[in-house]
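# Tertiary structure, described
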Amino acid sequence: QVQLVESGGGLVQAGGSLRLSCAASGRLFNIKSMGWYRQAPDKQRELVADITDGSTNYADSVKGRFTISRDNAKNTVYLQMNSLKPEDTAVYYCNFQIGTGARTRNYYWGQGTQVTVSS
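Residues numbered from 1 in each chain as written. Predicted model: local features only at pLDDT ≥ 70, side-chain atom pairs only at ≥ 80, totals over all residues. Heavy atoms only, no water.

Once that is clear, we can look at the packing of aromatic side chains. Applying the stated rule across the entire model yields one aromatic pair. Taking 5.0 Å as the distance between ring centres and 70° as the angle between the ring planes, the aromatic pair formed by Y37 and W109 counts as edge-to-face. Of the two residues, Y37 is situated in strand β4 (residues 31-39) and W109 in strand β10 (residues 105-109); the sequence distance between them amounts to 72 residues. A relative accessible area of 18% means that Y37 is categorised as buried. On the accessibility criterion, W109 (35% relative accessible area) is partly exposed. Cation over ring: R45 sits above Y93, and NZ or CZ is 3.8 Å from the ring centre. (Phe/Tyr/Trp six-rings, centres within 6.5 Å; stacked < 30°, edge-to-face > 60°. Helix = DSSP H or I, 4+ residues; strand = E, 2+ residues; numbered from the N terminus. Buried < 20%, exposed > 50% of the residue type's maximum accessible area, 1.4 Å probe, protein only. Lys NZ or Arg CZ within 6 Å of the ring centre and 35° of its normal.)

Below is the structure:
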């Protein structure tokens, strides 16, 4: 099992910055991907950014504003969010994908942290 604990959400004015952290513990063997998703009210959960095989991937809406990074020694993934916009308001979820076979993986989620951007 893998446990993910998120921190760093909050209320910020438009144009401000926040940094989210996700600390992982447990059976962290064969990590395939780690990343951040978000879900706004009445919308589907969407990928914000992830790191897979060392490569980063971003949603078009956050490119140039958000940066995902990892600290392997601390088993922690971060999301630095700059130039925040009201439309970034959502619950942000950390996600780890652990390989369990040649083509299978388990998905683990954090508890979610609220990010609210006021205009």
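This brings us to the pairing of strand β5 (residues 46-52). Bridge analysis of β4 against β5 gives six bridges, and the strand direction is antiparallel. Looking at the pairing, S33 lines up with T52 of β5. Here β4 folds back onto β5 in antiparallel fashion, the turn holding six residues, of which D42 has a positive phi close to 65°. Where β5 meets strand β6 (residues 55-58), four bridges bridge the pair, whose relative direction is antiparallel. Following the sheet pairing, T52 is matched in β6 by S55. (Pairing = 2+ DSSP bridges.)

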